[in-house]
Amino acid sequence: MSLVVQVIVTGLAAGGVYGLVAVGHSLIYRLTGIVYFAFGDLVAFAVFATLLVAAGTAPVSRTSLAPGRFLLALVIGLVFCSAVGAATYVLFIEPYLLRGSTLGWVASTLAIAFALRGMMGATFTRPAYVFPDPLPFDELGRDGVVSLAGASIQVRSFFVIGLAAALAALAAWTLERTRYGRALQAIASDVEGARFVGLPVEALVALTFALVGALAALAAVVAAPSAPFSVETGTLLGLKGLVAAMIVRFGSPWAAFAAGLGVGLAEAAIDNLRIGDFGLGAQYGEILPLAFALALIAYRSLRAEPSAERA
Amino acid sequence: MTGAVLEQTHGALTAGFREARAAWSLRATIAAAIVAAALLAPAVLPLSGRMPDIAAFVYLAVAAVGLAYAVGLAGIPSLGQGAFLGIGAFAEAIARAKGGWPLLPALLLGIGAAAAAGMLTGLATGRLRSAFVAVSTWILTWIVGLTLISFPGISGGAQGLVLPEAEVLGHPLGATAHYELGVALLVLVIVGYLIVAPRAPGLALAAARERSSAAVALGVPVARFRLGAFTTSAAIAGLAGALGVELAQVADPSGYDATLSFKLFVAVILGGARTPLGPVAGLLVISAFSHAAERVGALRGLPPGRLEEMLTGYGLLLVLGLGGAGLLPAVLASWRRFHRAPTRERPSAPGETLPKVEHPAPLTTRRLSKNFGSLVALAELDLELSPGSVHALIGPNGSGKTTALKLVVGDLRPDRGSVAVGGQALDDLTTRGRALEGIVGTQQTTEVFADLTVLESVLVGAGLRRSHAGIFRTLFATPKARRGAAAVRRKALSAIQFVGLEGELDRPSSELSAHEQRLLMLASGLATEPRVLLLDEPAAGAGPAELEHLADLLDRLRQKGLGLLVIEHNLRFVRRIADRVSVLEAGRLIASGSLAEVASDPAVRTAYLGRQRL
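All of these numbers come straight from a predicted model, not from anything done at the bench. (Residues numbered from 1 in each chain as written. Chains lettered and ligands numbered in written order. Predicted model: local features only at pLDDT ≥ 70, side-chain atom pairs only at ≥ 80, totals over all residues.)

## Section: the overall build of chain A
Move 1: Looking only at helices and strands, one finds 11 helices and four strands in chain A.
Move 2: On C-alpha atoms alone, chain A measures out to a radius of gyration of 20 Å, which is about the 19 Å that the 2.2 N^0.38 rule sets for 311 residues.
Move 3: The buried share of chain A, taken over its 311 residues, is 49%.
Move 4: Across chain A, the fraction of contacts at a sequence separation of at least 24, relative to all contacts at a separation of at least 6, is 76%. (Helix = DSSP H or I, 4+ residues; strand = E, 2+ residues; numbered from the N terminus. Rg over C-alpha atoms; globule rule 2.2 N^0.38 Å. Buried ≥ 20, exposed ≤ 12 C-beta atoms within 10 Å, placed from the backbone. Contact = placed C-beta atoms within 7 Å.)

Here it is, written out as structure tokens:
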């Protein structure tokens, strides 16, 4: 029982971040028809930029951080992430959209991903980093850990879940209720029509690249202290978010967020749960959701009408 | 008897030899010299210490050229080449290290495993739009990479799997032998690409790459060709991976991660996917990055792997920013600008004329119906198109005209009803099957295959009924394959001459005027030797003189016994060409007959022609 509670809370906390990445993937796909392979690395970029400003590249101890400095670092990290997201769209993605070249944007988004990965890896040379905690969670409970139904749970996990849900709600609200959101919906349903009625399509899409990056990055920064963070973690974050978005066919923010939570829960359950003597173990946690997504894509592809060449 | 066979063989050999002499050029001499130099290099140059690295590079180059079969020939954005390499490598390593298999069966297992994985992936993603093919292959890459790292039971854990030394005829297979083998394989895959690209399978793939739906409409088995290209690409990766672990004598589970797939993809894009030497050039550039990264890394104490990723990423972004065709094509293009070769004079098309339709037959539809959700797109359509006549299908936008056309050519499946030609039902046939029965539709007629020339575009259509055009006959240019190719070429030339484009044979079809493009797609359709041709708005956007030219061509086709079903908005054009007119409104046939009869029908007048004078 205690294990189940632990799995649910840690799964939801990880899944909340995946969910926000999935929200970003869905929005970008619906606006442009592309899959942004560099998304996870962009989020990791924000996380590492925050770390760099807050604590440098040296090992950090958990309590060595002043909240003011962290806030500044967070703002700088998010601004950098937004700027890079928007700039890469304008410079390297949009030209290929205009030419209708899939190979072009696949190549450029991957190139962005690996350029970011390489840059981060060359600056932060240790295999993984432990992040300082911005908020004084360690003053709650016993050193930031509370017992719930017999399980020891980091207080931060609840905060991450709450924040992620709030950000997803913000994204959904923005899309439904603001002029900017309605403009995005217009672009998603008919780009030419949107351009025809005078919407600045390129600028709006660039802005969206900036915002979805910052949205996911904010949650990732808050969640980062829960586990060691590496360059690879960022790439996998992007991949898991993508898998979640694909499961719900790049649907609404809520659907994508829910799918992200599902992926997080599945991962935590596969990692930790045992039924009698049978348990899969941690090595399956990352692979099985990916394999499930691949099988789902294949199933949908084979069920499609012969002439319909789409997903 | 034996004498005759010997004589035939002798004749074929001398003819082949003569042709080879004629085809041999300066370029071939240079290529042969380079290959010979590459093969002799280990004997001459003091390379023995670096031989294993060089041989490993050559095997990687084989995999990269293999990837060009998928990315360049077929336009499939495959991000899974590293995974197929890893599957080949570990199939080999497990068979050799754990199963104790000898070298050759293990190699075959490696190729087979990678090919099977490629074929499964290809089948599973064959109908997806290419964005999702990229995603699926990327997910596959991660699954394979993570599996190898997380399951020591399969991959031997941190030490990897150590292979016994391979022996061929009692001699150990050293690094130099691997290098020679690698160069030979590299030459084979490059030559294979060069042979396939300009011939029937390559042209079909190029057409499908540009306009998949238009290629399908001409009866090209697009899915089969794509699957073939993808499987071949994976099989080549499997071979390279298997030989790579034989060379290293150890299979390292961390060596087949996403970075490897990325590197191979970059090599292809960086060097240029449409030429088989491009990937090799791209890989050379990446290895230069890798050396630079090692130097800088050693100097500054930074991890060289990450630096290499960064440089590769930047390098690719730079090439993409410069236009994205790849380094090698860019170099070749600027070379050609300075050394403009005189364009070879092609003899203009001989006086071949388009033959009459051999087995003319009427096309009939009975109660043909299709709904999309609750929308009735077409309800109970009965049509009759007799040979040697032009039947125009008119009606307002959204009245079901294009749906009807798609149902007839098999692009859509009807909910009810049937289509038959000459009394033979077509309902179970695919688009290709119907094309073989002589029912061919052309798409919106200005959709050309941008990468192909005029002659090549029409060859795609003319290839429909060709036999002996399989991949092996094409690769080895068997006499039957060459006779078939010559016949197809004659067919294509006569179709081109019929529409009057014989002066433009070698022009890229993207450079043609809109009217010429219209004629080109008509010629591609005619080259399939149809009995019934369906045209979707052939006159859209045409000027008066062009309309007259087109009408004249359709008249002559009618005289040859062809049945023509034409969707058209331009009523002046309809009056000029149509023997019979059918009017659709909201998916229902509301009138059918001569234009005069239809025009006087009150239902038609109110529904459609009310404000338009005939």
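## Overview of the overall build of chain B
Move 1: Assigned secondary structure in chain B consists of 25 helices and 14 strands.
Move 2: Principal-axis analysis of the C-alpha atoms gives chain B an extent of 90 × 65 × 55 Å.
Move 3: Relative to its 614 residues, chain B shows a buried fraction of 50%.
Move 4: Once local pairs closer than 6 in sequence are excluded, the contacts in chain B between residues at least 24 apart make up 75%.

## Regarding the interface of chain A and chain B
Move 1: Listed as interface residues are 40 residues of chain A and, on the opposing side, 41 residues of chain B.
Move 2: Listing elements by their share of the side of chain A that touches chain B, those giving two or more residues are α4 (102–123), α9 (231–247) and α11 (282–303) of chain A.
Move 3: When residues of the side of chain A that touches chain B are assigned to their parent elements, the largest contribution, 16 residues, is made by α4 of chain A.

## Some remarks on helix α1 (residues 2–32) of chain A
In an α-helix, one full turn covers 3.6 residues, which means residues spaced three or four apart are oriented alike.
Residues and elements named next belong to chain A.
Move 1: Helix length check: α1 (31 residues) gives 44 Å between terminal C-alpha atoms against 45 Å at 1.5 Å per residue, within 8%.
Move 2: Counting buried residues in α1 gives 23 out of 31 residues, a clear majority hidden from the surface.
Move 3: At the exit of α1 stands Gly33, carrying a positive phi of roughly 75°. (Expected span 1.5 Å × (residues − 1).)

## Here's the deal with unusual backbone geometry
Move 1: The phi angle at Arg249 of chain A is positive, at roughly 50°, despite the residue not being glycine.
Move 2: If you trace the backbone, Arg249 of chain A turns up in the loop between α9 and α10 (253–272).
Move 3: On the neighbour-count criterion, Arg249 of chain A (15 C-beta atoms within 10 Å) is partly exposed.
Move 4: One non-glycine residue with positive phi stands out, namely Glu529 of chain B, at about 55°.
Move 5: Among the structural elements, Glu529 of chain B can be located in the loop between α21 (514–526) and β11 (532–536).

## Regarding the packing of α4 of chain A against helix α14 (residues 304–321) of chain B
Move 1: Between α4 of chain A and α14 of chain B, the shortest axis-to-axis distance is 7 Å and the interhelical angle comes to 145°. Read as a crossing pair, α4 of chain A and α14 of chain B show a hand that is left-handed. Of the residues in α14 of chain B, those touching α4 of chain A at Gly104, Ala107, Ser108, Ala111, Ile112, Phe114, Ala115, Arg117, Gly118, Met119, Gly121 and Ala122 of chain A are Arg306, Leu307, Glu309, Met310, Thr312, Gly313, Tyr314, Leu316, Leu317 and Leu320 of chain B.
Move 2: In terms of residue class, the contact of α4 of chain A with α14 of chain B is made up of 13 nonpolar, six polar and three charged. (Axes fitted to C-alpha atoms, helices over the stretch in contact; angles between N-to-C directions. Left-handed = near helix turned anticlockwise from the far one by under 90°. Nonpolar A, V, L, I, M, F, W, Y, C, P; charged D, E, K, R; others polar.)

## Some points on the sheet that holds strand β13 (residues 580–585) of chain B
Residues and elements named next belong to chain B.
Move 1: Spatially, six strands are ordered β10-β11-β12-β7-β13-β14 in an open sheet, and the strand pairing comes out mixed. Pairing within the sheet leaves two strands with one partner each, and these edge strands are β10 (439–442) and β14 (588–593). With strand direction ignored, the average angle separating the axes of adjacent strands in the sheet is 20°.
Move 2: Summarising the sheet, β10 and β11 pair through four bridges and their orientation is parallel. Bridge pairing in β11 links Ile439 to Val532. (Pairing = 2+ DSSP bridges.)

## Quick look at the sheet that holds strand β8 (residues 416–421) of chain B
Residues and elements named next belong to chain B.
Move 1: Across the sheet, four strands lie side by side as β6-β5-β8-β9; this open sheet has antiparallel pairing. At either end of the open sheet lies a strand with only one pairing partner, and these are β6 (375–385) and β9 (424–425).
Move 2: Judged from the two bridges that link them, β8 and β9 form a sheet pairing that is antiparallel. Paired with Val421 across the strands is Gln424, a residue of β9.

## Examining the environment of Gly244 of chain B
Residues and elements named next belong to chain B.
Move 1: Position of Gly244 among the secondary structure elements: in helix α11 (residues 222–248).
Move 2: Along the sequence, Gly244 and Leu307 sit 63 residues apart, while their C-alpha atoms lie 24 Å from each other.
Move 3: Contacts of Gly244, omitting those with residues within four sequence positions, involve Ala56, Tyr59 and Ala89.

## Describing the pairing of strand β5 (residues 363–372) of chain B
Residue and element names in this part refer to chain B.
Move 1: Across seven bridges, the pairing between β5 and β6 is antiparallel. Looking across to β6, one finds that Phe372 is bridged to Leu375.
Move 2: Joining the antiparallel neighbours β5 and β6 is a turn of two residues, in which Gly373 adopts a positive phi near 60°.
Move 3: For β5 and β8, the ladder comprises five bridges, and the chain directions are antiparallel. From the neighbouring strand, Leu363 faces β8, where its bridge partner is Val421.

## Some remarks on the domain arrangement of chain B
Residues and elements named next belong to chain B.
Move 1: Domain annotation for chain B reports domain 1 (38–255), domain 2 (363–438 + 530–609) and domain 3 (450–513).
Move 2: The partner domain 3 presents 14 residues to the 16 residues of domain 1 that form the contact.
Move 3: Within the residue set of the side of domain 1 that touches domain 3, elements represented by two or more residues are α8 (175–196) and α9 (200–210).
Move 4: The leading source of residues in the side of domain 1 that touches domain 3 is α9, at seven residues.
Move 5: Partitioning the side of domain 1 that touches domain 3 into residue classes produces 11 nonpolar, three polar and two charged. (Domains from an automatic or database assignment.)

## With respect to α11 of chain B
Residue and element names in this part refer to chain B.
Move 1: Taking 1.5 Å as the rise per residue, α11 with 27 residues should run 39 Å; its terminal C-alpha atoms sit 39 Å apart, in good agreement.
Move 2: Summarising burial for α11: 24 of the 27 residues are buried, a large majority.
Move 3: Looking one or two residues past α11, Gln249 carries a phi angle of roughly 60°, positive in sign.

## Considering the confidence of the model for chain B
Move 1: Taken residue by residue, chain B gives an average pLDDT of 85. The fraction at 70 or more is 93%.
Move 2: Note on residues 341–345 of chain B: pLDDT is under 50 here. Beyond four places in sequence and across chains, it has one contact. (pLDDT = per-residue confidence, 0-100.)

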